Amino acid sequence: MKRIFGSVLLLSLLCAFALTACGEEKPAADQGPLTFRNTETSGVLTLGMTRQEAEKVLAEDPSTLAQPADWTGSGTITYYPYTADHLTIYYDKDVVAWLDAGQMEANVPSHWTIYDNLTRGSAEADVLAQYGQPLDQNQQTASDGTVHLSYYYDADGTLMGEENGSAAYVALLDVRDGTLLGYQAALTSISSASLAEETPASAG
C-alpha cells in the first residue's frame, strides 16, 4: 500500500513557493476542490480545522482514537490504517495542514471523497471535469505512467491561473490508466522541514 506521491513530491511542489504564512483561514465547506467529505457519515474535513474539530468528524467518540505518544501539537497521524478509508493528516500546531486519502488500487474506493464525489476509481475525465485541465507545469508523469496533477488556490479558495508565491492551498491528484488512485489537499505554508522529518503515527 503506497501513500500518494509521498513526502518527497509534496515537498518539491510546496517548495516551489515562498512559504509565507497564510494564517489559519480555512475554505468554506462547500469549496469542494479542497474539501474531504465522507459519503457514509456526511462528515466534512477542511484545511485549517483544529485537531479537535477534525477528530469529532472522524469518530462519534473521539476518545476512542488512539493518541500518539509525546504529541507536541505538530505531526502526522494516520487514522484507520490498513482500511480502505485510511486517512493521513498532518497537523501544524494542532491545525489541519495536509489531508491525504492515500494511494491504493483503483478498485478500492474510499468513503472519503474530494471535490464532493471523487474517490479512488473515479474516471480521469471526471477529475478534469471537476478541476479543469491543469497547467502544463502542473502535470508530472512518473516512470510507471502515473500522472501527478496539481491545482493551486489563493486564500479565498479561487483556482489560480498561474503559479506564484501567493498560493495558499494546493490539491494534488494521482491518476493512471484513466482512473484516480489517490488525492491530497494541503496548505502551502506547511514547514518543509517538519514534513521531511515526520514518521506517521497511527490512530483508530
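Residues numbered from 1 in each chain as written. Predicted model: local features only at pLDDT ≥ 70, side-chain atom pairs only at ≥ 80, totals over all residues. Heavy atoms only, no water.

## Looking at the sheet that holds strand β2 (residues 44-46)
Strand order in the open sheet made by the three strands is β2-β1-β6, with antiparallel pairing throughout. With partners counted over all chains shown, the strands left at the sheet margins are β2 and β6 (112-114), one partner each. In this sheet, neighbouring strand axes are inclined to one another by 25 degrees on average, regardless of whether the strands run parallel or antiparallel. With three bridges joining them, strand β1 (residues 35-38) and β2 adopt antiparallel strand pairing. Within β2, the position partnered with Thr35 by the bridge is Thr46. Packing of helix α2 (residues 51-58) onto the sheet brings it into contact with β2 and β6, and relative to β2 it is tilted by some 155 degrees. (Pairing = 2+ DSSP bridges. Helix = DSSP H or I, 4+ residues; strand = E, 2+ residues; numbered from the N terminus. Axes fitted to C-alpha atoms, helices over the stretch in contact; angles between N-to-C directions. Contact = heavy atoms within 4.5 Å.)

## Thoughts on the packing of aromatic side chains
What the rule picks out here adds up to four aromatic pairs. Relative to Tyr183, the ring of Phe36 lies with its centre 5.7 Å away and its plane at 55 degrees, an arrangement referred to as tilted. In this pair, Phe36 is assigned in strand β1 and Tyr183 in strand β10 (residues 179-187), connecting sequence segments 147 residues apart. A single burial state applies to Phe36 and to Tyr183, both of which are buried. Ring pairing ties together the aromatic residues Tyr115, Tyr131 and Tyr151, which thus form one cluster. Positioned over the ring face of Trp71 is Arg51, at 4.7 Å from the centre of the ring. Sitting above the plane of the Tyr91 ring, Arg51 keeps its charged end 6.0 Å from the centroid. (Phe/Tyr/Trp six-rings, centres within 6.5 Å; stacked < 30°, edge-to-face > 60°. Buried < 20%, exposed > 50% of the residue type's maximum accessible area, 1.4 Å probe, protein only. Lys NZ or Arg CZ within 6 Å of the ring centre and 35° of its normal.)

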